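Observations on the three-dimensional arrangement
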There are 2 protein chains.
Amino acid sequence: LVGIGDDAAVIRPRDGADLIACCDLMVEGVHFRTEWARPSMIGHKALAVTLSDVAAMGGSARFAMISIALPARVSLDFTDELFSGIFDLAAAFGVTIIGGDTSSSIGPLFIDTSVIGDCPSGRAVTRGGAQTGDTIFVTGRLGASALGLLLLEKGSSVESEADVMRHQAMIKHLAPQPRLELGRALAEAGVATAMIDISDGLSTDLWHILEESGRGAVIRADVIPIDESVISLSGDLQSDPLSLALGGGEEYELLFTTRGEDRARVFELSKESGVLVTEIGEIVSGEGLQISFGGKLEALAPSGYEHKM
Amino acid sequence: LVGIGDDAAVIRPRDGADLIACCDLMVEGVHFRTEWARPSMIGHKALAVTLSDVAAMGGSARFAMISIALPARVSLDFTDELFSGIFDLAAAFGVTIIGGDTSSSIGPLFIDTSVIGDCPSGRAVTRGGAQTGDTIFVTGRLGASALGLLLLEKGSSVESEADVMRHQAMIKHLAPQPRLELGRALAEAGVATAMIDISDGLSTDLWHILEESGRGAVIRADVIPIDESVISLSGDLQSDPLSLALGGGEEYELLFTTRGEDRARVFELSKESGVLVTEIGEIVSGEGLQISFGGKLEALAPSGYEHKM
């Protein structure tokens, strides 16, 4: 009803909807480096990570606010392109930018994005609803974001990179795609019992579900979907593909659980949204996370890295 | 319904309510200095300025999210006290902290606060509704925040200051009180035709109302409510009291317009909320802002300072 330009935005909630609200902060030198990515990618990622939180609740993202502190050294072109990255991603998901704040910064570039989404009343999917016997699913293929970060830290550049696999891994790190459509479809169909997005790594984020749900889990090493770039390149980087897939953060893939009888519905929704889903294991009674290597069980600690360089 | 600890918060809007959303960013070295204020005051002000935006729409503040980037040099005690300042102010106004994000910072301290409030459907007060003949009101007494900033810049300390007036001015700058109760009462009674909070200075913020409303205004110099600290101290600081009151920013007082027949109701609501209101002039047709010195009219430019040190 009222957008940018007044003291605050005024929005009318949809009838029968619950609201979903979250925010994410990205700090230069902690979460990103300006020399690693085009300004549009920095803007894209700043909003994408917050949209991913809405996806993980099964919500539709509707509104966003953007607060940015800009160091004097960044140019007007840089700023324009950064905002373009934000606005383009917002437009792609039907999100309206309703406000924000801009300041100078005497230090690094800061971007805080707040998103307001919604979902049909009572349909939001928390981390706490996994039941014994539920199947564990993950979207996409894992490990590429962590591999992309390794490549960037070693000096690779996304703009000059000719190798397709290396380029793909860096793009996964720099410009992740929030899984909003599938997240919402899972919630609206009522088939996700618990859901989280993978920001800290599969093992850490699965631990969050287990702790909130008061359950344990067994996952199978041989079915973890590992990104092809990870299989192809991890040898050069002396990294183990499975470790990258289990521990690598900033994937922004969805990790969710579903009752056994809803598995077929999950595959249908996957097909409709064009997002790969893979069954990786099962929720069990008790506590703790174990990984099976051909039937041999090992404890799996929450080893994912914690978002920082 | 879901608070801190999941991917996002889930909240249920009140029936028949519109939502009000806004955010404000405070950056160390731009908006505040840690040596000027206790950490609790820094936290208080970071939330207060955003609550003030909700007040200026005539809304009730309901939920807040806090994103903070903390430099390594700040202690755990500092951080705890900063959060106490935020949580205490939130509690005082019945605001629930539903989320946020915390990061390290390689530079300054950065605090972004997002607030979600609400108001009865259709009752939000914008800057654009002032009509010819409306009376212009302002809350509180002006100029003290700008004076407090001058004192702080000249090395005064709020902790060691014995002089009551100097202390009062610095506190007005460091720990402003959002006028939520009166703002909401004005909106619910339907008596405010346009409203804004004074963040950039009376003259600048009145210009915002005039531009959005397509009107002009005449205010009277002799009735502008000037804070007693400003009258008492501005001589020492070689500042003109009226200039401080007209141009000083970060007051977080409400500036609003009302139809002539609603003036008595405004004074009643002022009494109920315990917040002083003063009639300072009138909305006129045409455009521009003039100030009357005993009947002699002078043009008044939007000279308020723009929030920065």
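Our subject is the structure that appears above.
Reading the values: the criteria
Residues numbered from 1 in each chain as written. Chains lettered and ligands numbered in written order. Predicted model: local features only at pLDDT ≥ 70, side-chain atom pairs only at ≥ 80, totals over all residues. Heavy atoms only, no water. Pairing = 2+ DSSP bridges. Helix = DSSP H or I, 4+ residues; strand = E, 2+ residues; numbered from the N terminus. Axes fitted to C-alpha atoms, helices over the stretch in contact; angles between N-to-C directions. Contact = heavy atoms within 4.5 Å. Buried < 20%, exposed > 50% of the residue type's maximum accessible area, 1.4 Å probe, protein only. Polar contact = N/O pair within 3.5 Å; in protein donor to acceptor, adjacent residues only side chain to side chain. Core = buried A, V, L, I, M, F, W, Y, C linked by side-chain atoms within 4.5 Å. Buried area = accessible area lost by both parts, 1.4 Å probe. Salt bridge = Lys/Arg side-chain N within 4 Å of Asp/Glu carboxyl O. Phe/Tyr/Trp six-rings, centres within 6.5 Å; stacked < 30°, edge-to-face > 60°.

This part takes up the sheet that holds strand β2 (residues 17-27) of chain B. Pairing in this open sheet of five strands is mixed, and the strands run β1(A)-β2(B)-β5(B)-β3(B)-β4(B) from one edge to the other. The open sheet has two free edges, formed respectively by β1 (9-11) of chain A together with β4 (96-105) of chain B, since each of these has just one partner strand. Put simply, the sheet's adjacent strands are angled 15° from each other on average, direction ignored. Sheet topology places strand β3 (residues 60-71) of chain B next to strand β5 (residues 110-120) of chain B; nine bridges connect them, and they run antiparallel. Among the inter-strand pairings, Ala69(B) is bridged to a residue of β5(B), identified as Phe110(B). Sheet strands in contact with helix α2 (residues 76-92) of chain B are β3, β4 and β5 of chain B, and its direction is about 170° off that of β3(B).

All names here are of chain A. Inspection of the secondary structure assignment puts Asp205 in helix α6 (residues 202-213). Exposure remark for Asp205: the relative accessible area of 1% places this residue in the buried category. C-alpha of Asp205 to C-alpha of Leu255: the two residues are 50 residues apart in sequence and 7.9 Å apart in space. In this structure Asp205 touches Ile196, Asp197, Ile198, Ser199, Asp200 and Leu255, once residues within four positions along its chain are discounted. Looking at Asp205, its side chain comes within polar contact range of the main-chain nitrogen of Asp200, at 2.9 Å.

We now examine the nonpolar core. Core analysis: the biggest nonpolar cluster contains 93 residues, and Leu186(B), Leu206(B), Ile219(B), Ile224(B) and Leu255(B) have the highest contact counts within it. The greatest single-element share of this core, amounting to nine residues, is contributed by helix α1 (residues 39-56) of chain B. Met41(A), Ala169(A), Ala194(A) and Ile209(A) belong to the second-largest nonpolar core, a separate cluster that totals 92 residues.

Let's shift gears to the interface of chain A and chain B. With 54 residues of chain A at the interface, the matching set in chain B holds 54 residues. When the two sides are added together, the surface that chain A and chain B hide from each other amounts to roughly 4,200 Å², 60% of it contributed by carbon and sulfur. Contact with chain B buries surface across chain A, with Asp7(A), Leu19(A) and Leu25(A) losing the most and accounting together for 16% of the total. If you look at where chain A meets chain B, you find six salt bridges. A salt bridge links Arg127(A) to Asp6(B); its shortest N-O distance comes to 3.7 Å.

Residue and element names in this part refer to chain A. Inspection of the entire model under this criterion finds five aromatic pairs over all chains. A centroid spacing of 5.4 Å and a plane angle of 75° characterise the contact between Phe137 and Phe267, whose relative ring orientation is edge-to-face. Pair noted here: Phe137 is in strand β6 (residues 135-139) and Phe267 is in helix α9 (residues 263-273), with a separation of 130 residues, a long-range link. Of the residues examined, Phe137 reaches a relative accessible area of 0% and is grouped as buried. A residue is classified by how much of its surface remains accessible, and Phe267, at 35% relative accessible area, is partly exposed. Cluster of aromatic residues (ring-pair linked, three or more members): Phe137, Phe256 and Phe267.

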